[in-house]
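# Geometric and topological summary
Below, each chain spelled out in residue letters.
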Amino acid sequence: MKTLYPLISLFLLLNLFSSCSRDCPKQDTQTNYVNQDYLPYIIPYSDTSTAFFLKNGKDTLLFRSQGLKETFENGSTLSGDCPKNYKSQQYSLKMAASDTDFFEIKYFADKDGLVPLVNIRTINFWTTNDLSYSTFKHFYPPIIKLKILDNYYDTVRVIKTNIVDSICLKPKFGYLKIKTANVIYEFIK
């Protein structure tokens, strides 16, 4: 009798699971786009942009644009028990002086298509977490005046990524200062 109850329970469980339908409806791929109105604020460089930066207070480097690239990231997530396919738009631009001296900006739609995000990579690692795209146009608090290499800039956005690292940028103008544990790039011209 003791073995009968577990066997009946196992039989009922198997019967219950096998009766559930695993057929998922055919779903079209959801395409998620970024708001292109924000693109000049987030990626203020063109395919032919150049910028001089001072590295660690001694070396002058010429950063050249590697061109604006548009791609779509394909993937799928589960929506209940069924997969949901998506395709997310992504813009990226890399400014490079060499293979080891560069910064890259990525503006992309998330997999749900709700909030486009921004990520900034320097020296082979993503310096920032995913940032909301809206902070690049409507940021708080605005810094009225920032001095970098004897030049003053107004309405500058400072992104603190941790205790040491930070990025200073002026929307629609460009990146003014990138500071990591290993390097400091300061905009010259």
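Scoring rules and cut-offs
Residues numbered from 1 in each chain as written. Predicted model: local features only at pLDDT ≥ 70, side-chain atom pairs only at ≥ 80, totals over all residues. Heavy atoms only, no water. Phe/Tyr/Trp six-rings, centres within 6.5 Å; stacked < 30°, edge-to-face > 60°. Helix = DSSP H or I, 4+ residues; strand = E, 2+ residues; numbered from the N terminus. Buried < 20%, exposed > 50% of the residue type's maximum accessible area, 1.4 Å probe, protein only. Lys NZ or Arg CZ within 6 Å of the ring centre and 35° of its normal. Pairing = 2+ DSSP bridges. Core = buried A, V, L, I, M, F, W, Y, C linked by side-chain atoms within 4.5 Å. Contact = heavy atoms within 4.5 Å.

## Quick word on the packing of aromatic side chains
Aromatic ring pairs are defined here through the distance separating the ring centres and the angle between the ring planes. Scanning all chains against the criterion turns up 11 aromatic pairs. Where Phe53 meets Phe103, the ring centres are 5.8 Å apart and the plane angle is 75°; that geometry is what we call edge-to-face. Remark: Phe103 occurs in strand 6 (residues 102-108) and Phe53 occurs in strand 2 (residues 50-55); sequence separation between them is 50 residues. In this structure, Phe53 and Phe103 share a single accessibility class: buried. Through a chain of ring-to-ring contacts, the aromatic side chains of Tyr45, Phe53, Phe63, Phe103, Tyr153, Phe173, Tyr175, Tyr185 and Phe187 assemble into a single cluster. Across the ring face of Phe72, the terminal group of Lys87 is positioned such that the distance to the ring centre comes to 5.3 Å. The positively charged end of Lys106 is found above the aromatic ring belonging to Phe108, 4.9 Å away from the centroid.

## Focus: the pairing of strand 14 (residues 174-179)
Taken together, the five bridges between strand 13 (residues 166-170) and strand 14 define a ladder with antiparallel strand orientation. Bridged to Lys170 within strand 14 is Gly174. Connecting the antiparallel pair strand 13 and strand 14 is a turn made up of three residues, with Lys172 showing a positive phi of about 65°. With three bridges joining them, strand 14 and strand 15 (residues 184-187) adopt antiparallel strand pairing. When the sheet's bridge partners are listed, Ile178 is paired in strand 15 with Tyr185.

## A word on the environment of Tyr38
Structurally, Tyr38 is set in the loop between strand 1 (30-32) and helix 2 (39-42). Sequence separation of Tyr38 and Lys172 is 134 residues, and the distance between their C-alpha atoms is 9.5 Å.

## What about the nonpolar core?
Ile43, Phe103, Ile105, Tyr107 and Tyr175 are the most contacted members of the largest nonpolar core, which totals 32 residues. If we skip the residues at most four places from it in the chain, Ile105 touches Ile42, Ile43, Tyr45, Tyr91, Ser92, Leu93, Val118, Asn119 and Tyr175.

Interpretation in functional terms is not warranted from these geometric data alone.
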